[in-house]
Amino acid sequence: MAVATINPPQQILKNYEWLRKQLEGTNVRLVIVTKGVPPSYIQPLIDVGHRDFGENRVQEWRNKYPALPDWIRWHHIGYLQTNKVRYLLPRIYWIHSVDRPSLMEILNRRAQRLNIRVPCLIEIKIAQEETKHGMHPDDFLHWIEHQEWRHYPNLQFLGLMGIATYTENRHQIRQEFRLLRQLRDEVQHRAGKHLPNFHELSMGMSHDWELAIEEGATTLRIGSLIFRETH
Ligand SMILES: *Cc1c(COP(=O)(O)O)cnc(C)c1O
């Protein structure tokens, strides 16, 4: 994929207003993904009051957030190496990409030391592509069945995150989103009283957000649609 140049601020705002209009009447949370986007291009969105932003690289985020207001809710959405955990806590708002017990272990330990609870989503591998991170659905069901969450009292599990296959095949994308929703429902069914806040479905990006909403997304993660396209 070629990375298009960043839009001028006026177009960024236009795209944002367009998307907000599309989302009217839904309760969907919009996380604007700012990877590759300098603070000066994010500022117009902050000026109109947007609060939720996402980054997928810890280092890039660390270079960026000090220049921006501290009331921003930063979402970490990318693969997370355990040695980067200490940079995220306690500043990060949600971590969408918790995908393995070894990472949970480190996050929990760090959170314990800081005496905080960290809101986490578990990333599930729903795509066919080999390259995508995420816990395998079967491993996740096993994790739930064995009540593994009990090992991590300082993590607050809010729901699931997934990235669909990058394809023109809308049917396939829908099936992948549907799988994520079914897994979320399964958790509520099997462990709802232990995990009462487990309702989030972070799914849907610039090219598949409409399908994601139809399949029950509660949170969209969108970058290019706002920063690099015209709407
Ligand atoms: C980049 C990214 C997004 C946003 O993708 P766009 O296609 O630019 O909207 C969403 N989620 C993750 C994990 C990403 O890395």
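Right above here is the structure, for reference.
All values reported here derive from a predicted model rather than from experimental measurement. (Residues numbered from 1 in each chain as written. Predicted model: local features only at pLDDT ≥ 70, side-chain atom pairs only at ≥ 80, totals over all residues. Heavy atoms only, no water.)

*Asks:* Before we go on, may I ask you to explain the site of the ligand in this structure?
*Replies:* Taken together, the residues surrounding the ligand are Val33, Lys35, Asn56, Ile77, Ile163, Met205, Ser206, Arg221, Ile222, Gly223 and Ser224. At a separation of 2.9 Å, a nitrogen atom of the ligand approaches a polar side-chain atom of arginine 221. Between the ligand and the protein, one listed contact pairs an oxygen atom with a backbone N or O atom of glycine 223 at 2.8 Å. For the ligand, whose accessible area on its own is 390 Å², the fraction buried by protein is 86%. Considered class by class, the residues forming the shell around the ligand number 5 nonpolar, 4 polar and 2 charged. (Near = heavy atom within 4 Å. Polar contact = N/O pair within 3.5 Å; in protein donor to acceptor, adjacent residues only side chain to side chain. Areas by Shrake-Rupley, 256 points an atom, 1.4 Å probe, with all protein chains shown as cover. Nonpolar A, V, L, I, M, F, W, Y, C, P; charged D, E, K, R; others polar.)

*Asks:* In this structure, what is going on with the packing of aromatic side chains? I would like to understand it.
*Replies:* Each aromatic ring pair is summarised here by two numbers: the centre-to-centre distance and the angle between the ring planes. Applying the stated rule across the entire model yields 6 aromatic pairs. With centroids separated by 5.7 Å and ring planes inclined at 5°, the aromatic side chains of tyrosine 93 and tryptophan 94 adopt a geometry described as stacked. Judged by its relative accessible area of 28%, tyrosine 93 falls in the partly exposed class. Three or more aromatic residues joined by ring pairs form one cluster here, namely Phe140, Trp143 and Phe157. (Phe/Tyr/Trp six-rings, centres within 6.5 Å; stacked < 30°, edge-to-face > 60°. Buried < 20%, exposed > 50% of the residue type's maximum accessible area, 1.4 Å probe, protein only.)

*Asks:* Honestly, the environment of serine 97 in this entry has me stumped. Any pointers?
*Replies:* You can see serine 97 is positioned in strand S4 (residues 94–98). Considered as a pair, serine 97 and histidine 133 are 36 residues apart in the sequence and their alpha carbons are 8.6 Å apart. If we skip the residues at most four places from it in the chain, serine 97 touches His76, Ile77, Gly78, Leu103, Leu121, Glu123 and Met161. Polar side-chain contacts of serine 97 include one of 2.6 Å to the backbone oxygen of glycine 78. (Helix = DSSP H or I, 4+ residues; strand = E, 2+ residues; numbered from the N terminus. Contact = heavy atoms within 4.5 Å.)

*Asks:* Explanation requested: the packing of helix H1 (residues 9–23) against helix H2 (residues 39–47) in the structure shown.
*Replies:* To describe two helices that pack against each other, one gives the angle between their axes and the distance between the axes. At their nearest, the axes of H1 and H2 sit 10 Å apart, and the two run at 45° to each other. By the angle between their directions, the pair H1 and H2 is classed as oblique. The hand of the H1/H2 crossing is right-handed. When H1 is examined against H2, the residues Pro9, Ile12, Leu13 and Tyr16 are found in contact with a partner set consisting of Tyr41, Pro44 and Leu45. Grouping the constituent residues of the contact of H1 with H2 by class yields 7 nonpolar, no polar and no charged. (Axes fitted to C-alpha atoms, helices over the stretch in contact; angles between N-to-C directions. Parallel < 35°, antiparallel > 145°, perpendicular 65-115°, else oblique. Left-handed = near helix turned anticlockwise from the far one by under 90°.)

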